[in-house]
Amino acid sequence: MSRIEAKARSAARLAAVQALYQLDMETPQLPILLDEFHRHRLGAEIEDVEYLPADIAFFDDIVRGVAARRDEIDGVLTTRLATGWSIARLDKTMLQILRAGTWELLARADISVGTVINEYLDVTHAFFDAREAKFVNGLLDAVAKDVR
């Protein structure tokens, strides 16, 4: 994979987390949400923030995959959360990062565990500090041991 393709996939992952957040908070119809991202966010400039061009097919794959397998993904995550923690207790953005990363670990055996974890650590750093990144790293590593 070229460097440009890798950056487009990274942008797709970040956008997918944002789309999943919107899907969770507003529950729009999935085709409408995907279309909105295709036309207005991926590679666009919004309020002086330039969004990188993203691999649209990969973006769609993540968002559709998480939406279709959400209950299964949440079950996998729940088994690895510490005692006393639940999906409902997680920060909503954090939850979408974990769902997307877990989906990739479940559904995309063509992408290495290390790549998945590192990519979602980068996404985590866009929203959170080092403490949360350690949490994502540990949880996705544990999930990978369960599903791969």
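To be clear, the structure that these remarks concern was listed above.
Residues numbered from 1 in each chain as written. Predicted model: local features only at pLDDT ≥ 70, side-chain atom pairs only at ≥ 80, totals over all residues. Heavy atoms only, no water.

1. Observations concerning unusual backbone geometry
Even without glycine at this site, Thr27 takes up a positive phi of about 45°. Counting through the fold element by element, Thr27 comes out in the loop between helix H1 (3-26) and helix H2 (30-40). (Helix = DSSP H or I, 4+ residues; strand = E, 2+ residues; numbered from the N terminus.)

2. Observations regarding the layout of surface pockets
Roughly 220 Å³ of internal volume is contained in the second largest pocket. Along its surface, the second largest pocket is lined by Trp85, Arg89, Leu90, Asp91, Met94, Phe128, Arg131, Glu132 and Phe135. Among the elements that line the lining of the second largest pocket, the one with the most residues is helix H7 (residues 130-147), at three residues. Broken down by class, the residue content of the lining of the second largest pocket amounts to five nonpolar, no polar and four charged. (1 Å grid on protein atoms, 1.4 Å probe; cavity = no way out; pocket = protein on both sides within 12 Å on 5 of 7 lines; lining within 4 Å. Points joined across faces, edges and corners; volume = space filled by probe spheres on them. Nonpolar A, V, L, I, M, F, W, Y, C, P; charged D, E, K, R; others polar.)

3. Some details on the side chain of Arg13
Relative to the helices and strands, Arg13 is located in helix H1. At a separation of 2.8 Å, a polar atom in the side chain of Arg13 contacts the side chain of Glu104. Aside from chain neighbours lying at most four places away, what touches Arg13 is Phe58, Ile62, Glu104, Ile111, Thr115, Glu119, Tyr120 and Val123. (Polar contact = N/O pair within 3.5 Å; in protein donor to acceptor, adjacent residues only side chain to side chain. Contact = heavy atoms within 4.5 Å.)

4. A short note on the packing of aromatic side chains
In the structure shown here, the tally under the stated rule is two aromatic pairs. Taking the centre distance of 6.5 Å and the plane angle of 55° together, the rings of Phe127 and Phe128 count as tilted. Residue class for Phe127 comes out partly exposed when judged on its relative accessible area of 36%. Here the basic side chain of Arg9 rests over the ring of Phe58, its NZ or CZ set 4.3 Å away from the ring centre. (Phe/Tyr/Trp six-rings, centres within 6.5 Å; stacked < 30°, edge-to-face > 60°. Buried < 20%, exposed > 50% of the residue type's maximum accessible area, 1.4 Å probe, protein only. Lys NZ or Arg CZ within 6 Å of the ring centre and 35° of its normal.)

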